[in-house]
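Summary of the model geometry
Chain residues, written in single-letter form:
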Amino acid sequence: MQDVLGYAGRRAVVTGSASGMGEATARLLVELGATVTGLDVRPTQIDGVASIEVDLRQPDSIQAAAHAVAGPIDAFFNCAGLPGPPFSDLDVMLVNFVGGRQLIETLVPKMSEGSAIAYVASAGGLGWQQQLGTLMPLVQAAGFEEGRRWCEANAELIANSSSYALSKQVINAWTTWRAYDLMKDHGVRLNCINPGPTATAMMPYFHEANGKALVDAAQGPVGRYSTPEEQAWPLVFINSPRCSYVVGETFFTDGGFFAALQNGQLDFSALMPKD
Ligand SMILES: NC(=O)c1ccc[n+]([C@@H]2O[C@H](COP(=O)([O-])OP(=O)(O)OC[C@H]3O[C@@H](n4cnc5c(N)ncnc54)[C@H](O)[C@@H]3O)[C@@H](O)[C@H]2O)c1
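Just so it is clear, the structure is predicted and the values come from calculations on it, not from any experiment.

1. Comments concerning the site of the ligand
Around the ligand, a shell composed of 31 residues is seen, among which S19, D40, Y164, T198 and T200 lie nearest. Within the backbone of T198, one N or O atom sits 2.8 Å away from an oxygen atom of the ligand. The fraction of the free accessible surface of the ligand (830 Å²) that becomes covered by protein chains is 94%. At the level of secondary structure, the elements contributing two or more residues to the shell around the ligand comprise α1 (20-31), α7 (163-186) and α8 (203-210).

2. Here we look at the pattern of salt bridges
Within the structure shown, the criterion is met by 7 salt bridges. A salt bridge links R27 to E23, with the nearest nitrogen and oxygen atoms 2.8 Å apart. With R27 and E23 both in helix α1 and 4 residues apart, the pair spans about one turn of that helix. Among the residues examined, R27 registers a relative accessible area of 38% and is labelled partly exposed.

3. Notes on the sheet that holds strand β6 (residues 189-195)
Strand order in the open sheet made by the 7 strands is β3-β2-β1-β4-β5-β6-β7, with parallel pairing throughout. Looking at strand neighbours, the two that pair on one side only are β3 (49-53) and β7 (250-253), the edges of this open sheet. Shown here is a sheet whose adjacent strand axes are inclined to one another by a mean of 20°, direction ignored. In the sheet, strand β1 (residues 11-15) pairs with strand β2 (residues 35-40) via 5 bridges, with the strands oriented parallel. Residue pairing in the sheet places V14 in a bridge with G38 of β2.

4. Notes on the nonpolar core
In globular proteins that are soluble, nonpolar side chains generally tend to be buried together. Among the nonpolar cores identified, the biggest contains 45 residues, and L39, F76, F97, L103 and I117 are the most heavily contacted of them. A total of 9 residues in this core trace back to one element, the largest contributor, which is helix α3 (residues 89-107). Contacts of F76, omitting those with residues within four sequence positions, involve V13, T15, L103, I104, L107, M111, A116, I117, A118 and N239. Counting residues in hydrophobic clusters, the runner-up holds 23 residues, among them V36, C79, A232 and V236.

5. Side note on helix α10 (residues 228-238)
What α10 keeps buried is the set P228, Q231, A232, P234, L235, V236 and I238. Packing partners of the buried residues in α10 comprise α1, β4 (73-78), β5 (111-120), β6 and β7.

6. Comments concerning the packing of aromatic side chains
Here the structure, examined in full by the defined rule, presents 5 aromatic pairs. When the ring of Y164 is compared with that of F206, the centres are 5.0 Å apart and the planes differ by 65°; the resulting orientation is edge-to-face. Taken as a pair, Y164 in helix α7 and F206 in helix α8 lie far apart in primary sequence, 42 residues in all. Pair check on accessibility: Y164 and F206 agree, each one buried. Considering the side-chain rings of F252 and F258, the 4.0 Å spacing of their centres and the 15° angle between planes classify their relative orientation as stacked. An aromatic cluster is defined as three or more aromatic residues linked by ring pairs; in this entry it consists of F97, Y119 and W174.

What counts, and where the lines are drawn
- Residues numbered from 1 in each chain as written.
- Predicted model: local features only at pLDDT ≥ 70, side-chain atom pairs only at ≥ 80, totals over all residues.
- Heavy atoms only, no water.
- Near = heavy atom within 4 Å.
- Polar contact = N/O pair within 3.5 Å; in protein donor to acceptor, adjacent residues only side chain to side chain.
- Areas by Shrake-Rupley, 256 points an atom, 1.4 Å probe, with all protein chains shown as cover.
- Helix = DSSP H or I, 4+ residues; strand = E, 2+ residues; numbered from the N terminus.
- Salt bridge = Lys/Arg side-chain N within 4 Å of Asp/Glu carboxyl O.
- Buried < 20%, exposed > 50% of the residue type's maximum accessible area, 1.4 Å probe, protein only.
- Pairing = 2+ DSSP bridges.
- Axes fitted to C-alpha atoms, helices over the stretch in contact; angles between N-to-C directions.
- Core = buried A, V, L, I, M, F, W, Y, C linked by side-chain atoms within 4.5 Å.
- Contact = heavy atoms within 4.5 Å.
- Phe/Tyr/Trp six-rings, centres within 6.5 Å; stacked < 30°, edge-to-face > 60°.

Now the structure itself:
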């Protein structure tokens, strides 16, 4: 069977395409025969990928970038993100969720029937189900400005729970909530992935903010960090037309870490470094 994942001649859009998982995803899509547009705050330098610059903290920039993207879009990959410190809590929330969601919602009218969206969350967003009551006003916030206002009004809560973790929890919550209407009203699938530690430009920030020992403790039984390509493959798989019955899924790509936590084989608190 040729073109197993069905990307030949399809149009794909990737955010965060200048680095890491987004860059690996854009490269892979080109190899799979897709027409690829990369969106990032920095230029995307991949042969065969059209580069559009966007700052996900700025609604005007999001609007202009969405306008510049040619439709119809068959697959959208939202990989852009910030790690937490030294970036401000507000910037982390805006890039990781408020702006990312705004870009997706602005592009939905350009998405073809049967198309799909994959959002990169994180295994760091564990426990989102217990936070649903807190997160739902942000999940349901109408548009960028209402999302930003929620973040500004809840600055203390965000600081106390870590902006990175909270931004990833809300992606999981939004994915499960928004997938229903996107499918019913537009025939568009929405899923997210929850990667474990991955060797990208973001990793030194995680080490600095949390300590290397804590990041290492989030490795699953695989016992190493993933490569960006090991996240790109599940992303292109879940957005492929071959996954046409996969909707609203929060897909763990974490080397078995979450599975082991769920059944008690790993106790994360016991793995955390003692002072
Ligand atoms: N690396 C990890 O261990 C890890 C683990 C779980 C989840 N993630 C998530 O994976 C995604 C990809 O991160 P990565 O590890 O490839 O890191 P990366 O730093 O290599 O890539 C992030 C990309 O986002 C872009 N970006 C940052 N601010 C932006 C803005 N204002 N507007 C538009 N684009 C912006 C950057 O320019 C960069 O190209 C992120 O959402 C991250 O939170 C990473």
